[in-house]
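In case you want the letters, here they are:
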Amino acid sequence: MKKQPYIFLLSLIFAAAYAQPKKAKMTKNMQPPVATVKPHKLEKFSDIRIDNYFWLNDRENPDVIDYLNKENEYYQAATAHTAQFQKDLFNEMKSRIKEDDESVPYLYNGYYYITRFEKGQDYPIYARKKASLDAPEEIMFNGNEMAKGHKFFQLGGISISNDNRLAIFSVDVVGRRIYTTQLKDLQTGELLSDKIEKCTGNVAWANDNKTFFYTRQDEKTLRSDKVYKHILGTDSSQDKLVYFEADDTFNVSVSKGKSKKYITINISSTLTDEYRFISADHPEADFVIFQPRIRGLEYSISHYNDSFYIVTNADDATNFKLMKTPETATSKENWKDLIPHREDVLIEGIDIFKDYLVISERSNGLNKIKIMPWSGAEAYYLPFDIETYTAYTTTNVDFDTDVLRYGYQSMATPSSIIDFNMKTKTKEIKKEQQVLGGKFDKNNYTEERLWAKAADGTMIPMSVVYRKGIQKDGKNPVLQYAYGSYGMSMDPYFSTTRLSLLDRGFVYVIAHIRGGEDLGRQWYEDGKLLKKKNTFTDFIDCSKYLIAQKWTSAEHLYAEGGSAGGLLMGAVANMAPELYNGIIAQVPFVDVMTTMLDDSIPLTTGEYDEWGNPNEKEYYDYMRSYSPYDNVQAQDYPNMYVSTGLHDSQVQYWEPAKWVAKLRVMKTNQKQLFLDTNMDAGHGGASGRFEALKELAKEFAFLLDLEKIQR
């Protein structure tokens with residue numbers, strides 16, 4: 001069962017965060033900026049750390065902004081010779097995208113909902129059609145119009161009332177995921193007077209069409225900790241607080257289930273869950289506890305008919321099992337096994353239909369989708385033929401249907417949305433991702449699954465894709481990517497932008513290292529807390545395997561990771577710098593000690609179950625031994641491109657800024673070291689789809705320039 005990570009997001013299409021500083025001329029002897037040294041003493045358990053760049057932890061300080069701007073100017077000047085190449089790469093990647101694209105419509109409560117893009121526009125348009133796809137289009141929200149005047153724009157939290165008239169929506173124009181929530185009358189197009197500032201954008205309608213629940217975060221830590229109830233036409237200052245979570249290791253969210261019968265509050269930490277629920281028909285009621293929290297007990301609930309279905313790790317079910325309980329008796333002693341625990345199969349989630357139960361599983365690192373008829377007829381799996389694919393259920397909001405909608409893609413196969421009839425076992429491809437330009441043919445690419453032996457004997461899988469015709473002579477440029485935290489599995493996926501590397505001779509590798517959940521829950525357990533170093537050594541051992549098997553060499557191997565994957569980059573840069581010619585670290589979590597010891601920083605306390613609590617000496621010592629910032633040493637480092645966002649709420653900008661400042665004075669060679677800060681955006685980088693391509697063009701230009709490839 002996957003959790004939402006809090007130092008991650010945007011998993012597979014992680015956009016780095018960059019700025020567009022003023023033009024800077026590169027003089028022949030231009031030197032990189034050197035941050036002022038201001039020693040700051042940090043002490044814990046008699047261990048003294050001197051942080052020379054602690055002062056960068058103040059975005060309101062003009063000297064901090066000046067330093068970041070100087071780093072941006074240095075980066076731009078040092079890469080001025082690739083400026084045109086970046087533009088060419090941007091145009092090349094953009095040319096493969098169908099600009100006037102749209103989603104596959106889905107039917108919900110009498111309307112077909114569609115998300116579409118118009119040519120030349122950055123943001124989506126959200127539309128619907130009543131009863132038929134031939135009906136007139138109703139535009140609910142035009143992100144392009146709403147984004148005007150904002151350097152950053154994110155629309156989220158769209159939720160439609162049961163009578164289909166009102167839409168709740170939320171907007172973030174800074175990038176810190178602090179939203180303003182409003183309501184729109186979809187019949188008149190007018191905005192209601194109701195307005196809620198400083199909330200998360202997470203909402204759930206009651207069935208009366210006038211009451212909804214929403215969550216707020218702590219203004220300092222940004223932990224989602226409160227649930228409020230709002231009644232239309234009232235001032236938000238009068239909203240009732242219906243739940244407050246005092247434990248700062250837990251976050252809260254609200255939702256209404258697929259059956260529409262219940263509204264739930266999900267209270268969750270890394271290792272523990274608790275749900276509370278009320279009838280969606282009675283929003284005035286008090287929330288009832290489903291099952292009180294027990295440390296280490298994880299569960300999620302789905303309602304159907306007169307029962308709840310529970311995916312849980314109860315009874316030592318490491319890979320989770322499926323249980324069932326009556327809606328009138330929800331505590332754990334009433335739960336009964338429906339699908340028992342299996343040592344070799346991880347249950348990731350379920351979709352419930354009137355006549356079928358669909359289970360999303362993972363076995364040997366591969367996605368499986370199992371169909372179980374409620375009638376008792378024989379269960380079966382959807383067939384998939386290769387080992388470098390990703391399959392997942394998508395938008396399935398209708399109970400009374402025989403059709404399951406799922407997605408499929410592989411490293412060389414564009415993504416498809418498929419409707420599968422569970423009764424007739426026939427499928428219809430509703431949409432296949434188009435790759436424009438007339439040059440793409442999936443038959444020109446080969447995808448493989450490789451296995452590298454880790455130092456402790458564990459076999460680590462890798463998904464690999466490359467253009468046919470390469471030779472294993474040690475000369476191929478290889479980009480090795482991984483994440484390796486929070487139990488997030490990095491499944492093989494298709495990318496049109498990646499073609500710009502593959503067609504220039506790059507081999508792309510996803511290393512499925514421990515810390516993810518790629519090979520089951522134990523895979524995650526073996527890469528967290530006091531076993532976190534397995535994540536780093538797995539990545540290094542995969543690199544050594546690629547070199548030993550002559551896929552590449554240290555002169556042509558590159559590593560990439562973002563956020564918690566940026567921690568991975570920082571660790572491998574310290575531990576095995578000789579293996580890589582270059583490293584891309586996107587919004588990297590590198591100052592582990594200072595961040596995890598400061599419970600005022602957003603999301604820190606909720607991370608204790610992932611990294612450990614450094615207020616306990618055992619965890620302090622272990623984290624101290626790998627924290628990238630604290631372990632920078634006098635040695636040769638690879639070429640490095642580091643990105644961040646000034647308003648990042650998850651990995652604060654000062655972590656990569658301090659890291660780069662320290663690397664500049666400690667590294668013993670003259671290889672490139674760039675810090676590129678987006679002065680307008682947050683954790684996810686630029687908000688427009690084409691702005692994100694410009695950022696990616698910077699990364700690709702960095703790699704290709706090191707390989708002396710500019711064509």
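Under the criterion given, the structure shown has 44 salt bridges. A salt bridge links R504 to E92; the nearest nitrogen and oxygen atoms lie 2.9 Å apart. Of the two residues, R504 sits in the loop between α4 (499-502) and β34 (507-511) while E92 sits in helix α2 (residues 83-95), which places them 412 residues apart along the sequence. Among the charged side chains, a salt-bridge network with shared partners connects E245, E274, R276 and R293.

The next subject is the environment of D538. Mapping D538 onto the fold places it in helix α6 (residues 533-548). Ignoring sequence-local partners within four residues, the contact set of D538 consists of A454, I460, I513 and R514.

With that settled, consider empty space enclosed by the protein. Across all of its chains, the model carries five cavities of 30 Å³ or more by this definition. Estimates place the volume of the second largest cavity at around 70 Å³. Tallying contributions element by element places helix α12 (residues 689-706) first for the lining of the second largest cavity, with four residues. Here the residues of the lining of the second largest cavity sort into five nonpolar, five polar and two charged.

Before going further, it helps to examine the environment of G515. Structurally, G515 is set in the loop between β34 and α5 (521-525). Sequence separation of G515 and D621 is 106 residues, and the distance between their C-alpha atoms is 20 Å. Residues contacting G515, with those up to four places away along its chain left out, are G484, S485, Y486, G487, M488, W523, Y524, G527 and T535.

Most of strand β20 (residues 307-312) is tucked away: six of the six residues are buried. Alternating positions in β20 separate into two faces, S307, Y309 and V311 on one and F308, I310 and T312 on the other, with burial throughout. The pairing of strand β19 (residues 299-304) with β20 spans six bridges and is antiparallel. When the sheet's bridge partners are listed, I301 is paired in β20 with I310.

Next up on the list: the packing of α6 against helix α7 (residues 564-575). In contact at an axis separation of 9 Å, α6 and α7 are set at 65° when each is read in the N-to-C sense. Taken together, the axis directions place α6 and α7 in an arrangement best described as roughly perpendicular. Classified by chirality, the crossing of α7 by α6 is right-handed. Residues T535, F536, T537, F539 and I540 of α6 pack against L567, L568, M569, A571, V572 and M575 of α7.

This part covers the sheet that holds strand β24 (residues 356-363). On the basis of which strands lie adjacent, the open sheet formed by four strands has the order β23-β24-β25-β26 and antiparallel pairing. Of all the strands in the sheet, just β23 (346-352) and β26 (380-381) have a single pairing partner and so form its edges.

The subject of this paragraph is the nonpolar core. One finds L68, M462, Y508, F539, Y580, W611 and W659 to be the most contacted residues of the largest nonpolar core, which totals 112 residues. Ranked by residue count, the leading element in this core is α12, at 10 residues. Residues within four places of L68 in sequence aside, it is in contact with L646, Y653, A657, L675, T677 and M679.

This part covers the packing of helix α1 (residues 62-78) against helix α11 (residues 654-666). Two numbers describe how α1 lies on α11: the axes approach to 12 Å, and their chain directions differ by 65°. Taken as a pair, α1 and α11 cross one another with a handedness that is left-handed. Along its contact with α1, which presents Y67, L68, E71 and Y74, the element α11 presents A657, V660, A661 and R664. Its residues assigned to classes, the contact of α1 with α11 comprises six nonpolar, no polar and two charged.

Moving on: the side chain of T249. Following the sequence through the fold, T249 ends up in the loop between β14 (240-244) and β15 (251-256). Judged by its relative accessible area of 18%, T249 falls in the buried class. Side chain to side chain, T249 and D247 meet in a polar contact 2.8 Å long.

So, on to α6. Its 16 residues place the ends of α6 22 Å apart at the C-alpha level, agreeing with the 22 Å of an ideal helix rising 1.5 Å per residue. Within α6 the residues assigned to the buried category are N534, T535, F536, D538, F539, I540, D541, C542, S543 and L546. Positive phi appears at K550, one or two residues downstream of α6, with a value of about 60°.

In terms of burial, strand β25 (residues 366-373) is largely enclosed, as six of its eight residues are buried. Two successive antiparallel strands, β24 and β25, enclose a turn made up of two residues, where N364 displays a positive phi of approximately 55°. Bridge count between β25 and β26: two bridges; the pairing is antiparallel. If you follow I371 over to β26, its bridge partner there is Y380.

All right, on to unusual backbone geometry then. Of note in the backbone geometry, S46 takes a positive phi value of approximately 65° without being a glycine. One can find S46 in the loop between β1 (40-44) and β2 (47-51). One non-glycine residue with positive phi stands out, namely L222, at about 65°. For L222, the position within the fold is in the loop between β12 (211-217) and β13 (224-231).

As a further point, take α2. Under the 1.5 Å per step criterion, the end-to-end length of α2 is 18 Å for 13 residues, consistent within 8% with the ideal 18 Å. Against α1, α4 and α12 lie the buried residues of α2.

Procedures and definitions
- Residues numbered from 1 in each chain as written.
- Predicted model: local features only at pLDDT ≥ 70, side-chain atom pairs only at ≥ 80, totals over all residues.
- Heavy atoms only, no water.
- Salt bridge = Lys/Arg side-chain N within 4 Å of Asp/Glu carboxyl O.
- Helix = DSSP H or I, 4+ residues; strand = E, 2+ residues; numbered from the N terminus.
- Contact = heavy atoms within 4.5 Å.
- 1 Å grid on protein atoms, 1.4 Å probe; cavity = no way out; pocket = protein on both sides within 12 Å on 5 of 7 lines; lining within 4 Å.
- Points joined across faces, edges and corners; volume = space filled by probe spheres on them.
- Nonpolar A, V, L, I, M, F, W, Y, C, P; charged D, E, K, R; others polar.
- Buried < 20%, exposed > 50% of the residue type's maximum accessible area, 1.4 Å probe, protein only.
- Pairing = 2+ DSSP bridges.
- Axes fitted to C-alpha atoms, helices over the stretch in contact; angles between N-to-C directions.
- Parallel < 35°, antiparallel > 145°, perpendicular 65-115°, else oblique.
- Left-handed = near helix turned anticlockwise from the far one by under 90°.
- Core = buried A, V, L, I, M, F, W, Y, C linked by side-chain atoms within 4.5 Å.
- Polar contact = N/O pair within 3.5 Å; in protein donor to acceptor, adjacent residues only side chain to side chain.
- Expected span 1.5 Å × (residues − 1).

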